[in-house]
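Listed below are the residues making up each chain.
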Amino acid sequence: MTSQPSSTKYVIEARIEVDGLVDKNDVVGAIFGQTEGIFSSDLDLRELQRTGRIGRIEVQVHAHGDKVVGKITIPTSMDRFHTALVAALVESVDKVGPYSARVVVEKIEDVRAEKRKRIIDRARAILLEWEKKRVPEVDEALRELEESVVRARVVNVGPDNLPAGPDVLTSEEVILVEGRADVINLLRYGYTNVIGIEGVKIPYSLEELLARKKKVIAFLDGDRAGDMILRELARRVRIDLVARAPQGKEVEELSMKEVVEALENAVPLQDALRRIGAHAEREHPPIAEAPREVIGKVVEEVEGNLIAVGLRDDMTEAFRVPVSELYQRLSAGNDVKYVVFDGVVTQRLLDLFRERVGTYYLIGARTSDQLDVPPNVKVSTFEVIKRVA
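The rules behind each value
- Residues numbered from 1 in each chain as written.
- Predicted model: local features only at pLDDT ≥ 70, side-chain atom pairs only at ≥ 80, totals over all residues.
- Heavy atoms only, no water.
- Helix = DSSP H or I, 4+ residues; strand = E, 2+ residues; numbered from the N terminus.
- Contact = heavy atoms within 4.5 Å.
- Expected span 1.5 Å × (residues − 1).
- Buried < 20%, exposed > 50% of the residue type's maximum accessible area, 1.4 Å probe, protein only.
- Polar contact = N/O pair within 3.5 Å; in protein donor to acceptor, adjacent residues only side chain to side chain.
- Pairing = 2+ DSSP bridges.
- Axes fitted to C-alpha atoms, helices over the stretch in contact; angles between N-to-C directions.
- Right-handed = clockwise from strand over helix to strand, strands pointing away.
- Lys, Arg positive; Asp, Glu negative; His and termini not counted.
- Salt bridge = Lys/Arg side-chain N within 4 Å of Asp/Glu carboxyl O.
- Phe/Tyr/Trp six-rings, centres within 6.5 Å; stacked < 30°, edge-to-face > 60°.
- Lys NZ or Arg CZ within 6 Å of the ring centre and 35° of its normal.

Visitor: Mind showing me how you'd approach the overall build of the protein here?
Guide: Along its length, the protein carries 14 helices and 17 strands. Once local pairs closer than 6 in sequence are excluded, the contacts in the protein between residues at least 24 apart make up 62%.

Here's what the structure looks like:
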């Protein structure tokens with residue numbers, strides 16, 4: 001009996017279809033037989049299995065009429081290059097017995113990533129238990145040191161320079177809090193995917209950031225100000241769950257136990273609104289209804305084509321040029337109100353409008369970070385426009 005690799009790194013999962021009735025032993029035999037001799041003996045599947053670099057090739061098959069479909073699973077302890085090579089070898093199998101076959105690798109799972117997640121979750125649980133048992137009077141010097149380390153991890157994101165944890169842009173889940181002090185407190189307990197709103201007025205750049213996230217949790221103070229911010233958030237951005245600090249407390253002063261309990265007890269947005277006697281009325285980005293319909297159509301025209309279109313106040317087209325010529329065209333005249341282009345909204349473009357009179361709209365495929373947006377310019381992206389057009 002062949003053993004599994006002593007230290008599995010990846011698991012190859014593939015789907016197989018055979019135009020005839022075969023069993024799993026036939027499939028395994030075909031895999032070994034049709035890959036033998038393609039490369040050197042060191043890369044022969046039997047040799048890789050004998051030396052423990054790949055594990056047992058598991059096959060599950062099910063009959064569907066006069067055909068068979070199934071799943072092939074191969075654990076491997078090799079690096080990514082050799083694992084991909086084995087996956088391609090398995091895909092090269094085109095017959096099982098006398099029947100034609102098709103093998104497609106559906107995914108290669110990084111086992112270590114799941115292991116890292118379990119370790120981090122366990123570390124958080126250990127830290128929580130540690131927090132419960134800590135001696136109440138912590139040395140003040142240690143407290144100051146911890147505070148300085150945590151503060152150093154705060155970053156600023158987006159054109160509004162919102163305070164955030166270092167992983168807020170890459171994480172699929174985001175925790176919204178009210179301000180910088182809340183961000184610092186959650187960083188102290190290991191939550192690096194947090195961002196602060198910094199006031200009741202919700203910046204529009206926040207909507208673009210949250211549109212790319214799978215899950216958004218609002219974590220607000222347990223007071224009237226928290227109620228007001230919740231109402232404003234419900235109007236402006238997508239919220240999946242709402243967590244609240246205990247009544248009368250602020251997120252910045254919560255212990256780790258209180259933070260964990262609040263997040264575990266988070267409720268859907270509508271439930272949170274009902275508790276404060278409110279309901280959600282989403283507000284759209286600052287472009288009027290009629291222009292938004294026109295702009296939505298222009299977005300469809302330019303997206304993926306590296307084209308820039310300028311529209312006048314009456315929504316007639318002022319120009320249509322390649323994105324590479326946009327800066328030069330905008331520098332030459334002041335006859336547009338809306339600019340829709342398949343490119344990045346940069347500081348260089350924004351500065352063209354800083355001294356001009358009137359309000360201007362720049363709608364790009366995406367925006368640069370750390371933008372200083374002039375008061376007379378409204379910035380949006382294709383993703384936001386398509387969601388509300």
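Visitor: I would appreciate a short explanation of helix α8 (residues 224-236) in the present structure.
Guide: Structurally, the α-helix is built with 3.6 residues per turn, so residues lying three or four positions apart point the same way. In a regular helix each residue adds 1.5 Å, so 13 residues correspond to 18 Å; α8 covers 19 Å between its end C-alpha atoms and thus fits that length. When we look at burial in α8, the residues that qualify are Gly226, Asp227, Ile229, Leu230, Glu232, Leu233, Ala234 and Arg236. At the N-terminal boundary of α8, the capping side chain belongs to aspartate 223, with an oxygen 3.3 Å from the backbone nitrogen of alanine 225.

Visitor: Can you walk me through the sheet that holds strand β1 (residues 10-18) in this structure?
Guide: Strand-to-strand pairing in sheets goes through backbone hydrogen bonds, with the strands running parallel or antiparallel. Spatially, β2-β3-β1-β5-β4 is the arrangement adopted by the five strands of the open sheet, whose pairing is antiparallel. In this open sheet, the two edge strands, each paired with only one partner strand, are β2 (58-64) and β4 (95-96). The strands touched by helix α3 (residues 80-91) are β1, β3 (67-76) and β5 (99-110); relative to β5, the strand with the most contacts, the crossing angle is about 160 degrees.

Visitor: Before we go on, may I ask you to explain the pairing of strand β10 (residues 215-220) in this structure?
Guide: Moving residue by residue along a regular strand, the side chains alternate between the two faces of the sheet. Of all six residues in β10, five are buried; the element is thus mostly enclosed. Across four bridges, the pairing between β10 and strand β11 (residues 241-244) is parallel. Bridge pairing in β11 places alanine 218 opposite valine 242. Traced from β10 through α8 to β11, the parallel crossover comes out right-handed.

Visitor: Just to check I follow, could you spell out the side chain of aspartate 182 for this structure?
Guide: Position of aspartate 182 among the secondary structure elements: in helix α6 (residues 180-188). Among buried Asp, Glu, Lys and Arg side chains, aspartate 182 stands out as unpaired, with arginine 188 the closest opposite charge at 9.4 Å. Separated by 3.3 Å, the side chain of aspartate 182 and the backbone nitrogen of glutamate 178 make a polar contact. Contacts of aspartate 182, omitting those with residues within four sequence positions, involve Val177, Asp221, Val251 and Glu252.

Visitor: How do you make sense of the packing of aromatic side chains when you look at a structure like this?
Guide: For any pair of aromatic rings, the description rests on two quantities: the centre-to-centre distance and the angle between the ring planes. The final tally for this structure, using the stated rule, is two aromatic pairs. Judged by centre distance (4.9 Å) and plane angle (45 degrees), the rings of phenylalanine 353 and tyrosine 360 are tilted. Judged by relative accessible area, phenylalanine 353 falls into the buried class, the value being 0%. The ring of tyrosine 327 has arginine 348 lying over it, and the distance from NZ or CZ to the ring centre is 3.5 Å. Looking at arginine 356, its charged tip hangs above the ring of phenylalanine 353, at a distance of 5.0 Å from the centre.

Visitor: Can you help me understand the environment of alanine 123 in this one?
Guide: Within the secondary structure, alanine 123 sits in helix α4 (residues 111-133). When the C-alpha positions of alanine 123 and glycine 190 are compared, they lie 9.5 Å apart, and in sequence the two are 67 residues distant.

Visitor: Which parts of the structure should I look at to understand unusual backbone geometry?
Guide: The phi torsion of most residues other than glycine is negative, and most of the peptide bonds are trans. In the Ramachandran plot, leucine 306 falls in the positive-phi region, its phi being about 55 degrees despite a non-glycine side chain. Look at methionine 315: it is not a glycine, yet its phi comes out positive at around 70 degrees.

Visitor: Can you help me understand the sheet that holds strand β14 (residues 317-322) in this one?
Guide: Across the sheet, five strands lie side by side as β14-β13-β15-β16-β17; this open sheet has mixed pairing. Both outer strands of the open sheet, β14 and β17 (377-381), are each paired with one neighbouring strand and no more. Direction aside, the axes of adjacent strands within the sheet are offset by 25 degrees on average. When strand β15 (residues 338-345) meets strand β16 (residues 360-367), the two strands line up parallel, connected through six bridges. Considered in β16, the bridge of valine 340 is made with isoleucine 363.

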